[in-house]
Amino acid sequence: MVITFDAEVWEWDARRADSWTFVSLPEDVSEDIKELSAGPRRGFGSVRVRVTVGGTSWATSIFPSKDGVFVLPVKRAVRKAEELDVGDVATVTVELVDF
């Protein structure tokens, strides 16, 4: 499963001092991922993915949130390379791996 979507970069309030930033996957896509990944999952309910934002690609995991959607951490190196800051909208491609 490969999906591309636009999402706003946001900062996790609980860890503001650490500058943890994320994008939220769309609700319908999150529902599809929940169905595909039903059963035992990795730590924190994570799902392994390959991500591309602009010209930057990396392997990471997405995590279920209390809002019912999956969230994708966007590391500092990616934000710097793609000139993204909190509040910016990024085009994100996510590919599920191990399915």
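In this report, we go over the structure that sits alongside the text. (Residues numbered from 1 in each chain as written. Predicted model: local features only at pLDDT ≥ 70, side-chain atom pairs only at ≥ 80, totals over all residues. Heavy atoms only, no water.)

**A look at the overall build of the chain**
Consideration 1: Helix and strand content of the chain: two helices and seven strands.
Consideration 2: Of the regular secondary structure in the chain, the N- to C-terminal order runs β-β-β-α-β-β-β-α-β.
Consideration 3: The burial tally for the chain puts 36% of its 99 residues in the buried class.
Consideration 4: Considering only contacts within the chain whose residues lie at least 6 apart along the sequence, 59% involve residues at least 24 apart.
Consideration 5: Summed over all atoms, the accessible surface of the chain reaches about 6,000 Å², with 49% contributed by carbon and sulfur. (Helix = DSSP H or I, 4+ residues; strand = E, 2+ residues; numbered from the N terminus. Buried < 20%, exposed > 50% of the residue type's maximum accessible area, 1.4 Å probe, protein only. Contact = heavy atoms within 4.5 Å. Areas by Shrake-Rupley, 256 points an atom, 1.4 Å probe, with all protein chains shown as cover.)

**Describing unusual backbone geometry**
Consideration 1: In this structure, E83 takes a positive phi of about 55° despite not being glycine.
Consideration 2: In this structure E83 comes out as exposed when scored by relative accessible area, which is 70%.

**Let's talk about the sheet that holds strand β2 (residues 10–11)**
Hydrogen bonds along the backbone pair up the strands of a sheet, which may run parallel or antiparallel.
Consideration 1: Taken in spatial order, the seven strands of this open sheet run β1-β7-β4-β5-β6-β3-β2, and their pairing is antiparallel. On the outer flanks of this sheet lie β1 (2–8) and β2, each paired with one strand and no other.
Consideration 2: Pairing geometry for β2 and strand β3 (residues 21–24), over two bridges, is antiparallel. Note on β3: the bridge partner recorded for E11 is T21. (Pairing = 2+ DSSP bridges.)

**Some thoughts on the environment of T56**
Consideration 1: Among the structural elements, T56 can be located in strand β5 (residues 56–64).
Consideration 2: Judged by relative accessible area, T56 falls into the buried class, the value being 17%.
Consideration 3: Excluding anything up to four places from it in sequence, T56 contacts V51, V78, A81 and E82.

Everything listed here is a matter of coordinates, which is why it stays silent on function.
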